[in-house]
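Examination of the molecular architecture
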Amino acid sequence: MRIEVTVGSNEPTIYPLSLPKITVGSSDNCEIVITTNGISRKHITIVTENDSYFIIDQGSTNGSFINEERLVPGKKTEFTSFFPVRLGDDVTISLLSDEEKLDKILVPLREKTEASRPDISRSDITSTSLNRKMLRQDKTGTHTNLKIPKPPGKSKAEPSVSVLDRAKKINVIPLAAFGILAFAVYWNLFVIEKEPNPDDLANAPQQEFKIEKAIPVERPVSHHVPKEELLPKEGFAKYQADLKCVSDVEQYFCNLIPGLKVAPYGAVQFKLNVYLMLDGTPYFDEAKKSTDPFAPIITPGVSPGTTVAQGNNQEKESYTDTQYNMGVYLFLLKHLPELDEAKTQDMNILVAFYTKNSPNTPVKVIAFTSKGFNKLKPTLKEDQLIQIRGGGDSAMAPLKEAIEIY
């Protein structure tokens with residue numbers, strides 16, 4: 001496995017996960033050093049245990065986030081390829097599998113170096129140890145005088161001071177008595193609760209307390225794909241070269257929708273989005289048959305939408321907006337079962353429908369989340385196709401409550 005580190009709008013850098021513990025931060029002692037605003041000296045640690053990976057926030061100032069939730073410092077949080085970790089505001093770290101092709105140079109990890117220690121010579125240290133020559137007993141033998149050696153550089157002689165003489169100058173007894181008195185006053189005024197007078201309690205007016213049950217406020221939860229994640233139709237072209245069924249979520253959709261395994265179509269995952277590109281001709285043809293009973297019969301052995309030669313004229317596939325809408329509805333109703341939220345999690349699912357006449361740009365795109373689709377799935381009925389056929393875009397309004405269509 002490898003990790004991809006992206007700082008702001010700069011090109012990402014790829015590092016190998018070659019150590020069981022990798023520290024990321026702005027300190028030179030980290031294996032991965034990131035010197036940008038918002039990164040602490042030791043920001044996070046990436047831990048490898050068997051085939052699992054974890055993130056531990058090291059008490060960073062600006063925090064670490066997975067799926068916009070701040071990590072608890074010191075707690076291990078699972079790190080997967082589905083959800084990158086964000087450090088501060090500008091740094092993103094994503095987990096890459098070894099199967100993904102590498103188009104950038106793999107940067108080796110830094111080796112930790114022991115911090116240099118200042119060279120302190122013995123001449124710079126002022127010795128404060130006592131020896132026998134420093135202690136001198138007076139003639140009476142009642143106490144010991146301590147002579148403090150003069151530091152170098154002072155010329156004026158200072159008289160030796162007795163340890164007991166210093167103690168006599170500071171009388172601690174009054175200070176201790178004052179502290180005890182202040183503590184007693186504080187305890188009496190603020191800590192000890194006085195017992196109420198029984199007569200005062202008898203004459204006090206009785207108050208009735210009503211306990212009202214709190215009414216929970218239901219906040220609407222949106223399962224729509226964010227507007228900024230809606231890829232324009234022209235934007236799908238850059239992912240067509242990377243179509244594959246490698247990651248777990250890609251394999252899940254490729255097995256769920258058989259048409260994704262047929263070239264040049266497929267699935268590709270990018271961060272929190274998964275793009276599904278498939279041939280929409282079968283769905284649009286089915287819609288066309290239901291709306292146009294006099295539609296020409298499809299020639300046996302020729303796939304729907306294929307150009308059929310008829311003398312000097314050629315019949316090409318052509319669909320109306322109503323047939324596009326009905327084809328999308330048929331796909332959701334008959335060909336897409338309820339999704340496994342444990343596998344898709346909170347990913348954004350974007351489905352692009354192509355036709356033979358439009359192989360590079362999708363004619364329709366739908367975007368949804370697994371939770372939004374599963375909530376909508378039981379409401380899909382075949383009777384709604386009649387309303388779509390007669391009402392056009394207005395009949396698609398119930399569908400648009402959970403799905404973006406463009």
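Looking at an unreviewed UniProt entry, one finds the protein named FHA domain-containing protein and attributed to Peredibacter starrii.

Overview of the confidence of the model for the protein
Confidence in the prediction of the protein, expressed as mean pLDDT, is 76, and 68% of residues score 70 or more. In the predicted structure, residues 112-151 sits below a pLDDT of 50 and forms 29 contacts with residues beyond four places in sequence or in another chain. Considering only residues more than four positions removed or in separate chains, one finds that residues 293-315, a stretch of pLDDT under 50, has 23 contacts.

Examining the sheet that holds strand β9 (residues 76-78)
As summarised here, the arrangement of the five strands in space is β4-β3-β5-β6-β9, forming an open sheet in which the pairing is mixed. The two strands at the open ends of the sheet, each matched to only one other strand, are β4 (32-33) and β9. Looking at chain direction, strand β3 (residues 21-25) and β4 are connected through two bridges and run parallel. When the bridges of β4 are listed, Gly-25 appears paired with Val-33.

Observations regarding the sheet that holds strand β15 (residues 273-279)
Strand pairing within a sheet occurs via backbone hydrogen bonds; the two strands may be parallel or antiparallel. Pairing is mixed across the open sheet formed by five strands, whose spatial order is β14-β15-β18-β19-β20. The strands lining the two open edges of the sheet, one partner per strand, are β14 (266-270) and β20 (404-405). Taken together, the five bridges between β14 and β15 define a ladder with antiparallel strand orientation. By the bridge assignment, Gln-269 is partnered in β15 with Val-274. Packing against the sheet, helix α4 (residues 248-256) makes contact with β14, β15 and β18 (348-354), and its axis sits at approximately 155° to β14. Strands β15, β18 and β19 (364-369) of the sheet are contacted by helix α6 (residues 321-335), whose axis makes an angle of about 35° with β19.

Comments concerning unusual backbone geometry
Geometrically, the link from Ala-263 to Pro-264 is a cis peptide bond, its omega value of 5° lying close to zero. Within the secondary structure, Pro-264 sits in the loop between α4 and β14. Within the chain, Lys-271 stands out as a residue other than glycine whose phi angle is a positive 55°. Considering the arrangement of structural elements, one finds Lys-271 in the loop between β14 and β15.

Details of the state of the cysteines
If you walk through the whole model with that rule in mind, you get one disulfide. Paired by a disulfide, Cys-245 and Cys-254 hold their sulfur atoms 1.8 Å apart. Measuring handedness by torsion sign, the sulfur bridge of Cys-245 and Cys-254 sits at about -70° and is left-handed. The exposure class assigned to Cys-245 is partly exposed, which follows from its relative accessible area of 31%.

Focus: the pattern of salt bridges
A side chain with one charge can pair with a side chain of the opposite charge if their charged atoms come near. Here the structure, examined in full by the defined rule, presents seven salt bridges. Measuring nitrogen to oxygen at the nearest pair gives 3.2 Å for the salt bridge that ties Lys-334 to Glu-286. Residue Lys-334 is located in helix α6, and its partner Glu-286 is located in helix α5 (residues 281-291); the two are separated by 48 residues in the primary sequence. One continuous salt-bridge network, built from bridges that share partners, spans Glu-68, Arg-86 and Asp-89.

Quick notes on α4
Looking only at α4, the buried set comprises Val-249, Glu-250, Tyr-252, Phe-253 and Cys-254. Where the residues of α4 are buried, they touch β14, β15, α7 (341-344) and β18.

Brief notes about α6
Taking 1.5 Å of rise per residue, 15 residues should cover 21 Å, and α6 covers 20 Å from first to last C-alpha, within 8% of that figure. Taking burial as the measure, the 15 residues of α6 include 11 buried ones, the bulk of the element.

Quick look at the packing of α6 against helix α9 (residues 383-391)
Closest axis-to-axis distance for the α6/α9 pair is 9 Å, and the angle between their directions is 165°. By the angle between their directions, the pair α6 and α9 is classed as roughly antiparallel. Along this stretch, α6 crosses α9, giving a crossing that reads as right-handed. Here Thr-322, Asn-325, Met-326, Tyr-329 and Leu-330 of α6 come into contact with α9, specifically with Gln-384, Leu-385, Ile-388 and Arg-389.

Regarding the packing of aromatic side chains
Counted under the stated rule, the structure contains 13 aromatic pairs. With 5.5 Å between their ring centres and 35° between their planes, Phe-368 and Phe-373 make a pair best called tilted. Here Phe-373 falls in the buried class, since its relative accessible area comes to 0%. In this structure an aromatic cluster arises from ring pairing among Tyr-283, Phe-284, Tyr-319, Tyr-324, Phe-331 and Phe-353. When the ring centre of Phe-54 is taken as origin, the NZ or CZ atom of Lys-76, which lies over that ring, is 4.7 Å away.

Each value, and the rule that gives it
Residues numbered from 1 in each chain as written. Predicted model: local features only at pLDDT ≥ 70, side-chain atom pairs only at ≥ 80, totals over all residues. Heavy atoms only, no water. pLDDT = per-residue confidence, 0-100. Contact = heavy atoms within 4.5 Å. Pairing = 2+ DSSP bridges. Helix = DSSP H or I, 4+ residues; strand = E, 2+ residues; numbered from the N terminus. Axes fitted to C-alpha atoms, helices over the stretch in contact; angles between N-to-C directions. Disulfide = S-S within 2.5 Å. Buried < 20%, exposed > 50% of the residue type's maximum accessible area, 1.4 Å probe, protein only. Salt bridge = Lys/Arg side-chain N within 4 Å of Asp/Glu carboxyl O. Expected span 1.5 Å × (residues − 1). Parallel < 35°, antiparallel > 145°, perpendicular 65-115°, else oblique. Left-handed = near helix turned anticlockwise from the far one by under 90°. Phe/Tyr/Trp six-rings, centres within 6.5 Å; stacked < 30°, edge-to-face > 60°. Lys NZ or Arg CZ within 6 Å of the ring centre and 35° of its normal.

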